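Observations on chain architecture
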Amino acid sequence: MDYENKLVLAPMVRVVRDFSSSNASLPILGFYRVFLRTQGALPFRMLAAEYGADITYGEEIIDHKMLKCERVVNEYLGTTDFVEKGTGGVVFRTCPEERDRVVFQMGTSCAVRALATAQLVCKDVAAIDINMGCPKSFSISGGMGAALLSKPELIDDILTTLIRNLDMPVTCKIRLLKSPQDTVELARRIEKTGVSVLAVHGRKVADRPKDAAKWSEIADVVAALSIPVIANGDRGHVECFNFSPKGKLPWEEVKREYVRKCILWDNDVKSTKQTIKELIMHHSCLEFPEGKAVNKCETVADLGKLYGEEEYCIAVQESRS
């Protein structure tokens, strides 16, 4: 998997950025573009890919959760679903069209579980990524995410176990440590495990999203390593986060296309509504008629009707009947 000069869709929680074009790139990297924050589910990944994303990360999934799943080929949708036993809930959904670009990001604190999870999904994704940067309490309390930053031996164990047993790229994402030197030393240690790429979020664990990312400290990591480094942070060095070669696209067009993909891939309605509401809040207010109408929708078909895609919804249903 080639990471050089690529547009990368990040494994994050919310959708808040523009789908538009720009030639701007990070000076400290030269050959990398930056992450776009995302909901991470299949429809949004496919939307980003349609608009020009070369690599798309799925949302972080905890190893314990994934190991409760079984791999199911969904012939109805043309997808591969990882379905939780007992509940029937789809924990991760992918499709052959994204096989060569989708990265599965995992939350883990155990090399054995990490490998078992990776082996479950490895036939259906392009790479495995370990999240070592999440500062959320649920992640840290479980020894995952940013909790790993203080456990370099465990980091070595997880990454080397994956790399020795998988025939695919293994990557990870970290945050900045207390000092630039500490961050560089950890990055060098991670590089020695054989990872293909290291992503660095330009904030420390205690920092909040409102705090500016420290790009100079990421630059220190770039200078110290020979493997590719992906910078992750805020918008300080670029005009916009973007994919589309057509230029800035109208938000109405983006929302409709997203709804179409949610219809096509039978996306969870709660996830769909959350993403649409994020798009609305970026330019408007949920208290306006559109936001209130979205809140009232109970199915993805309802959303299709709201956004003028009722005929498309019917056509998709008929094609599968």
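Just above, that's the structure.
Residues numbered from 1 in each chain as written. Predicted model: local features only at pLDDT ≥ 70, side-chain atom pairs only at ≥ 80, totals over all residues. Heavy atoms only, no water.

We now examine the packing of helix H5 (residues 152-165) against helix H6 (residues 180-193). In the contact formed by H5 and H6, the axes pass within 9 Å of each other and the chain directions differ by 25 degrees. Put simply, H5 runs roughly parallel to H6. With respect to the hand of their crossing, H5 and H6 are arranged in right-handed fashion. Contacts between H5 and H6 involve Pro 152, Glu 153, Ile 155, Asp 156, Leu 159, Thr 160 and Ile 163 from the former and Leu 186, Arg 189, Ile 190 and Thr 193 from the latter. Split into classes, the residues belonging to the contact of H5 with H6 amount to 6 nonpolar, 2 polar and 3 charged. (Axes fitted to C-alpha atoms, helices over the stretch in contact; angles between N-to-C directions. Helix = DSSP H or I, 4+ residues; strand = E, 2+ residues; numbered from the N terminus. Parallel < 35°, antiparallel > 145°, perpendicular 65-115°, else oblique. Left-handed = near helix turned anticlockwise from the far one by under 90°. Contact = heavy atoms within 4.5 Å. Nonpolar A, V, L, I, M, F, W, Y, C, P; charged D, E, K, R; others polar.)

On to helix H3 (residues 111-121), then. Those residues of H3 lying buried are Ala 111, Ala 114, Leu 115, Thr 117, Ala 118 and Val 121. For H3, the angular spread of the buried residues around the axis is 165 degrees, confining them to a single face. Check the buried side of H3 and you find it contacts helix H2 (63-66), strand E5 (79-84), strand E7 (102-107), strand E8 (127-132) and H5. (Buried < 20%, exposed > 50% of the residue type's maximum accessible area, 1.4 Å probe, protein only. Arc of directions from axis to C-beta.)

Moving on: the pairing of strand E11 (residues 229-232). Residues Val 229 and Ala 231 of E11 are buried on one face, and the alternating residues Ile 230 and Asn 232, pointing to the opposite face, are buried as well. Two elements, strand E10 (residues 197-201) and E11, share 4 bridges in a ladder whose sense is parallel. Across the sheet, Leu 198 pairs through a bridge with Val 229, a residue of E11. Each parallel crossover has a hand, and the one from E10 via helix H7 (residues 215-224) to E11 is right-handed. (Pairing = 2+ DSSP bridges. Right-handed = clockwise from strand over helix to strand, strands pointing away.)

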